[in-house]
Amino acid sequence: MKKQNLSFLQDFLSQKPDSKKFILLDENTYTHCLPILIENVEELYGAEVLEIESGERSKSLSIVENLCQAMIESSADKESILISLGGGVITDIGGFIASIFKRGIQHIAIPTTLLAMVDASIGGKTGVNVGEVKNQIGTFNTNTITCIHYEFLDSLKKRQVLNGAAEMIKVSLLDEKLWEKLDAKDSPWNNKKEGFDYKFIESCIKFKKRIVKEDMYEKGRRKILNFGHSLAHAFESVALLKNIDLLHGEAVASGMFYAIMLSETKLSFPNDKAQEIYKLLKKNYKIIDIQEDIDLVINYLNADKKNINNEFRFILLEDIGKPYINFHIIKDDLINLKTP
Ligand SMILES: NC(=O)c1ccc[n+]([C@@H]2O[C@H](COP(=O)([O-])OP(=O)(O)OC[C@H]3O[C@@H](n4cnc5c(N)ncnc54)[C@H](O)[C@@H]3O)[C@@H](O)[C@H]2O)c1
Ligand SMILES: [Zn+2]
């Protein structure tokens, strides 16, 4: 995957005059991002726009089918190019369609949320949910190009910024140097007065790219990126089931909170650092009370492909920058967790 800017995209597309271009977006990126995109990439003037409703519920096979239908009706062929302009929902769906439509067409990801820039648009995972269970169907599909254009971040609401920040906190816990940088500044993702700390964002992007390069298909090391995610996915599933508004990053923040708690008891993660992390997470996020829906959480953990029979594999930390992959956690460990 190449990370590029919009002028590179303009040059790339100008060499593909015969390819039909489709731009997948939602109502928010239509309003806030499409004008910026067209202004910078005139090759996209007149491209076919495919708009879907924003939100996690759009990540479904029926939406994928509708979109494929629309593309076929607009005479899409093997040479067509699909451009995903949006957050992780859009880049996940777009990447998925590009990998299956006519057995594969070119995909250009243009992440417009912080979360999609530092996480969702990197690493080739695509997919949709089945019912309320997340990412059950998907593919690995490397984007032809991924464009990072920071100006898109300016229209994000604070809640969406914090959503992406959770993934930045995650990678900082996986890398001592990043943690030190994160520590030195109060909130490098959200310092509105001075703007975003693009250098820090860039470092987070580089960290994920490095891990993915080592282990694209998640046979080993890439698993560390799931830190906080086993519980996060369960929290997200519970939220979808109960119609509670919960963002991925918010779920990850709570997932990391409990993963650190487990790391303290199981792996002697240093208490002083744990306290710092709890403080950081509590300051920025509402920590979900795990005991409130513990049975549902356990059901969803059991549905996770990584787990068998009430025995769950978690990523824990021995220390900052020292992840432990596949630590076995049992139901009782979770039932015994204190709520914050
Ligand atoms: N493939 C992966 O490796 C991977 C990794 C992490 C997350 N994900 C997936 O990503 C999804 C979450 O991504 P997300 O948080 O970006 O969600 P999202 O795509 O739903 O975007 C969040 C909201 O922000 C709006 N938005 C997007 N860009 C905007 C902009 N520039 N200005 C104003 N509003 C804007 C969107 O319309 C939406 O309402 C989840 O489905 C998750 O599973 C995938
Ligand atoms: Zn995530």
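Throughout, a residue's number is its position along its own chain's written sequence, starting from 1. Chains carry letters and ligands carry numbers; both start at the beginning, A for chains and 1 for ligands, and go up in the order they are written. A pLDDT threshold of at least 70 governs which residues receive local features in this predicted model, and a stricter bar of 80 or more applies before side-chain atom pairs are shown or counted, although totals over entire chains, interfaces and linings include all residues. Heavy atoms from the whole structure form the basis of all side-chain values; hydrogens and water molecules are not counted.

A. Fine view of the overall build of the chain. A tally of helices and strands in the chain yields 14 helices and 10 strands. The dimensions of the chain, computed from C-alpha atoms along their principal axes, are 60 × 45 × 35 Å. Only protein chains enter the calculation, and the probe is 1.4 Å; a residue is then buried if its accessible area is under 20% of its type maximum, exposed if over 50%, and partly exposed in between. Here the chain, with 340 residues, has 56% of them falling under the buried criterion. In the chain, once contacts between residues fewer than 6 apart in sequence are set aside, the share between residues at least 24 apart is 75%. Carbon and sulfur atoms provide 48% of the accessible area of the chain, an area that totals close to 15600 Å². When the 44 positive and 48 negative side-chain charges of the chain are each reduced to one mean point, those points stand 4 Å apart. Comment: elements are numbered from the N terminus, with helices defined as DSSP H or I runs of at least four residues and strands as E runs of at least two. Note on definitions: a residue-residue contact is assigned when non-hydrogen atoms from the two residues lie within 4.5 Å. Using a 1.4 Å probe, accessible areas were evaluated by the Shrake-Rupley method; residue-level cover was limited to the displayed protein chains. Only four residue types enter the tally: Lys and Arg on the positive side, Asp and Glu on the negative side; His and the chain ends are excluded. Charge positions come from single atoms, namely NZ of Lys, CZ of Arg, CG of Asp or CD of Glu.

B. Molecular detail of a positive patch on the surface. The grouping of K177, K181, K199 and K206 at the surface amounts to a positive patch. Elements with a contribution of two residues or more to the positive patch: α8 (176-184) and α9 (198-214). Among the structural elements, K181 can be located in helix α8. With relative accessibility at 44%, the residue K181 sits in the partly exposed group. Patches here: salt-bridge-free residues with over 30% relative accessible area, like charges joined within 9 Å, nonpolar side chains (Val, Leu, Ile, Met, Phe, Trp, Tyr) joined within 5 Å. Only one rule defines a salt bridge in this text: a Lys or Arg side-chain nitrogen within 4 Å of an Asp or Glu carboxyl oxygen.

C. Here's a closer look at the site of ligand 1. For ligand 1, the set of nearby residues contains 26 residues, the closest of which are D26, T112, T113, S155 and N163. One of the side-chain N or O atoms of N28 is found 2.8 Å from an oxygen atom in ligand 1. A 3.5 Å cut-off defines polar contacts: any pair of N or O atoms within that distance qualifies, except that in protein one atom must be a possible hydrogen donor and the other a possible acceptor, and neighbouring residues in sequence count only when both atoms are side-chain atoms. A distance of 3.5 Å separates a nitrogen atom of ligand 1 from a polar backbone atom of A120. Considered on its own, ligand 1 offers 860 Å² of accessible surface; in the complex 90% of this is hidden by protein. Of all elements in the fold, only α2 (27-32), α5 (88-100), α6 (114-120), β7 (133-137) and α7 (158-174) reach the threshold of two or more residues within the shell around ligand 1. The class makeup of the residues in the shell around ligand 1 is six nonpolar, 12 polar and eight charged. Throughout, near means a residue has at least one heavy atom within 4 Å of the molecule or strand. Note on residue classes: Ala, Val, Leu, Ile, Met, Phe, Trp, Tyr, Cys and Pro are nonpolar, Asp, Glu, Lys and Arg are charged, and everything else, Gly too, is polar.

D. Here's a closer look at unusual backbone geometry. In this structure, R103 takes a positive phi of about 65° despite not being glycine. Tracing the chain through its elements places R103 in the loop between α5 and β5 (106-111). Positive phi, close to 50°, is recorded for N135, a residue that is not glycine. Mapped onto the secondary structure, N135 falls in strand β7. Overall, the relative accessible area of 29% leaves N135 in the partly exposed class.

E. Quick peek at helix α1 (residues 6-14). All of the buried residues along α1 are L6, L9, Q10, F12 and L13. Relative to the axis of α1, the buried residues are bounded by an arc of 165° and lie together on one face. Within this analysis, the arc is defined by the directions that extend from the helix axis to the C-beta atoms.

F. Representation of the coordination of the zinc ion (ligand 2) within the structure. In this description, a donor is an N, O or S atom within 2.8 Å of the metal centre, a cutoff extended to 3.2 Å for sodium, potassium and calcium. Water is not part of the atom list, which can make sites seem incomplete. Taken together, E167 (OE), H229 (NE2) and H248 (NE2) make up the protein donors of the zinc ion (ligand 2), found 1.9 to 2.1 Å from the metal. Taken in chain order, the donor set of the zinc ion (ligand 2) reads E-x61-H-x18-H. One end of the pair, H229, is in helix α10 (residues 229-241); the other, H248, is in helix α11 (residues 248-267), with 19 residues separating them in the sequence. Both residues of the pair, H229 and H248, count as buried.

G. Structural context of the pairing of strand β2 (residues 21-26). With six of its six residues buried, β2 lies for the most part within the structure. As paired elements, β2 and strand β4 (residues 81-86) share four bridges and run parallel to each other. Note on β4: the bridge partner recorded for L24 is S84. Pairing analysis gives five bridges linking β2 to strand β3 (residues 48-52), with the strands arranged parallel. Residue pairing for β3: F22 is matched across the bridge by E48. Here, strands pair whenever DSSP counts at least two bridges between them.

H. Region of interest: the pairing of strand β10 (residues 322-330). Looking at chain direction, strand β9 (residues 311-319) and β10 are connected through seven bridges and run antiparallel. Among the inter-strand pairings, F312 is bridged to a residue of β10, identified as I329. The turn joining β9 and β10, which pair antiparallel and follow one another in sequence, is formed by two residues; a positive phi near 80° is taken by G321.

I. Region of the structure containing the domain arrangement of the chain. As assigned here, the chain comprises domain 1 (3-155) and domain 2 (159-335). By convention here, the domain bounds are inherited from an automatic or database domain assignment. Here domain 1 and domain 2 have C-alpha centroids that lie 26 Å from each other. Counting from both sides, the interface comprises 23 residues of domain 1 and, opposite them, 31 residues of domain 2. Put simply, buried area is how much 1.4 Å-probe accessible surface two parts lose in total, over both of them, once they are put together. Summing both partners gives a buried area of about 2500 Å² for domain 1 against domain 2, and 63% of it is carried by carbon and sulfur. Its largest share of buried area at the contact with domain 2, domain 1 owes to L114, E132 and Y150, together 24% of the area lost on that side. One can count four salt bridges joining domain 1 with domain 2. For K134, the salt bridge identified is with E236, shortest N-O distance 3.3 Å. At the boundary of domain 1 with domain 2, the tally comes to seven residue pairs in polar contact (both at pLDDT 80 or more). Every element with two or more residues in the side of domain 1 that touches domain 2 is listed here: α6 and β7.

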